[in-house]
Amino acid sequence: MFWDETDMHFRNSLIELLRRKPYMELEDIHEELTRHGFVITATDLDCILNEEQSPFYPVPVRWAVDDRASVQLGDEQESALLEDPINEEATEYPELWIGPLLREWQAEAYNSWLSAGERGIIQAITGTGKTLVGVYAAASALDYGFKVAITVPTIDLMEQWIEQLTNCIDGVSIGRMGDGHQDALDEYDVIVSTIASGSRWYLRAEKAETLLIADEVHRMGSEKFQRALEEEATARLGLTATLERSNDTGVEDVILPYFGSVVYTYGYAEALSDGVLSPFRLGLVAAKLTPNEREEYEELGSEMGRLIGQLRSAGLVTGDGPELFSRVGQLARSDSIDFKQRRWAQRFVANLGKRRKIQASASDKFNAVAALSDAIALSERSLVFTETREAAQRIARQLQADSIEAFAFDASLDRQARSRMLDDYRRGDIQVLCAPRVLDEGVDIPEVDLGVIVSASQSRRQMIQRLGRIVRPNSHGRPSSLFITYLEGTREDPAEGGHEGFLDEVQPYASATRVFLSDTNPDLIAEWVLD
């Protein structure tokens, strides 16, 4: 049987079916048509779909209809739909879906991934709801008989995914890999695994096709974690706020070749316009190194410059910026170069760590936090991002001295203690959490209306994630506020190019931007926040 030999009602119905529910397999299309009263063999249907003149195409073994295909109306048929029409409300959402309606951007992102052949990366600002897109993709894949493997960076994030899956997919069976579990995907609908566990054990099903979803997909570019990327996974979805890695070429060499391109991006402009994120203010607080701190900082920098010169002369490094630092780090661990050259690289890395420690613990930065104390006290919840555990603990004590309920949240806490602290934070019993990086990603944080970055990262991705923590809509309706402290005359200083990529991206969308000094009257900063 050929496409031109079928009647108009059949052609229109098949086009409409694949428009409403694209990327069906032959067997599912045949079953749906039979259910609606069409008598056709699977062999004839296969011929029709594969015929050159038909408007259908496979992706890769499923079928969709070309956007240019048009339905034809006959004298006795005003509608192109089946007489027993496919229920639009039911087919727009997977049969197992019991979750919320998708936002417009989430539906667009999902459809873009489908149109890319169920392979690609969705890049969406932290706090906009990209996890729900992944859960929706999982529900849709389950409708088609797939198994779903999900990788996450932390145990906390594993629990959050399991909660979302349970709340959104009816009757789903969920296994775990990590935290003492080693469940097999063939025995469950979905497996949620830490990346570390997924890199050691199989994340594929033997008896069904597999959809692999990688949350925080930028993590998958490392030599260790890329082992979790199952080549047998037919469908692949990556989720991230920013597809960047600071110290290697893992995005270009590993992530994009495996997942394909970025199929959808949802940035600040779109999220603010849609009301998905809260408007925000951006405050920069300048601090200074003391004479002793400055002297040590510059001495370390001078030696680092000399060491880089020696490595360049030896032909071991080229370029500048993050790639240079990454290359020197590799040389410091290498056994394939001269001992003296390896020592140059090791001393460079050691000096870099010492300079970062000076920046993290500079005394005037704590004065800058003191200048922000009144604004922090007026917030419902605040986050303070630091470089070190010691800085987080010191700032927590400093804020406690101002009668602010602040606590350090760091890796020294066990899971039960972290869970209790987050519960207290959600209830409002704790007003401020001070954390060295552990809250950048992978932990579910309630709405926060003020953030302070005490030791700013050179990673644009990390800075964007931190801003994403505070721009979720809040209950009082005021813009959220992000303060970045920086040391004048260092790599943190915007005048020296510090955070150039981050500031260039977010400043156009800030409702207000202002520079303060570390000795600014706290009342003045609090008034600016409330204005």
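Residues numbered from 1 in each chain as written. Predicted model: local features only at pLDDT ≥ 70, side-chain atom pairs only at ≥ 80, totals over all residues. Heavy atoms only, no water.

Within the open sheet, the eight strands sit side by side as 7-6-8-5-9-10-4-11. Their pairing is mixed. Edge positions in the sheet fall to strand 7 (181-182) and strand 11 (262-266), since each of these pairs with one other strand and no more. Of the pairings in the sheet, the one linking strand 5 (residues 147-152) to strand 9 (residues 210-215) comprises five bridges and is parallel in character. Considered in strand 9, the bridge of Lys147 is made with Thr210. Against the sheet, helix 6 (residues 130-143) makes contact with strand 4 (119-124), strand 5, strand 8 (190-194), strand 9 and strand 10 (235-240), and its axis sits at roughly 175 degrees relative to strand 9, the strand it touches most. (Pairing = 2+ DSSP bridges. Helix = DSSP H or I, 4+ residues; strand = E, 2+ residues; numbered from the N terminus. Contact = heavy atoms within 4.5 Å. Axes fitted to C-alpha atoms, helices over the stretch in contact; angles between N-to-C directions.)

With the rule as written, the count across this model stands at 14 aromatic pairs. Seen from their ring centres, Trp105 and Tyr264 are 6.2 Å apart, and the 20 degrees between their planes marks the pair as stacked. Of this pair, Trp105 sits in helix 5 (residues 104-115) while Tyr264 sits in strand 11, placing them 159 residues apart in sequence. For the pair Trp105 and Tyr264, one class covers both residues: buried. Between the aromatic rings of Tyr110 and Tyr136, the centroid separation amounts to 4.7 Å while the plane-to-plane angle is 85 degrees, which identifies the pairing as edge-to-face. In this pair, Tyr110 is assigned in helix 5 and Tyr136 in helix 6, connecting sequence segments 26 residues apart. Note on Tyr136: relative accessible area 5%, which makes it buried. Grouped by ring-pair contacts, the aromatic residues Tyr93, Trp97, Tyr110, Trp113 and Tyr136 constitute a single cluster. Above the face of the Trp528 ring, Arg281 is positioned so that its terminal group lies 5.3 Å from the ring centre. Directly above the aromatic system of Tyr297 lies the positively charged group of Arg355, at a separation of 4.0 Å from the ring centroid. (Phe/Tyr/Trp six-rings, centres within 6.5 Å; stacked < 30°, edge-to-face > 60°. Buried < 20%, exposed > 50% of the residue type's maximum accessible area, 1.4 Å probe, protein only. Lys NZ or Arg CZ within 6 Å of the ring centre and 35° of its normal.)

Another aspect to go through is the pattern of salt bridges. In the structure shown here, the tally under the stated rule is 14 salt bridges. A salt bridge links Arg204 to Glu230, with the shortest nitrogen-to-oxygen separation between them at 2.9 Å. On the criterion of sequence distance, the pair formed by Arg204 in the loop between helix 8 (195-198) and strand 9 and Glu230 in the loop between strand 9 and strand 10 is long-range, its members being 26 residues apart. Residue Arg204 is classed as buried on the basis of its relative accessible area of 19%. Residue Glu230 is classed as buried on the basis of its relative accessible area, which comes to 7%. Salt bridges sharing partners connect three or more residues here, namely Arg204, Glu206, Glu230 and Glu232. (Salt bridge = Lys/Arg side-chain N within 4 Å of Asp/Glu carboxyl O.)

Before going further, it helps to examine unusual backbone geometry. Trans is the prevailing form of peptide bonds, just as negative phi is the prevailing case for residues other than glycine. One non-glycine residue, Asp179, adopts positive backbone phi at about 55 degrees. Looking at the element boundaries, Asp179 is found in the loop between strand 6 (174-178) and strand 7. You will see that Glu216, though not glycine, has its phi angle at about 55 degrees, which is positive. Considering the arrangement of structural elements, one finds Glu216 in the loop between strand 9 and strand 10. We classify Glu216 as buried; its relative accessible area is 9%.

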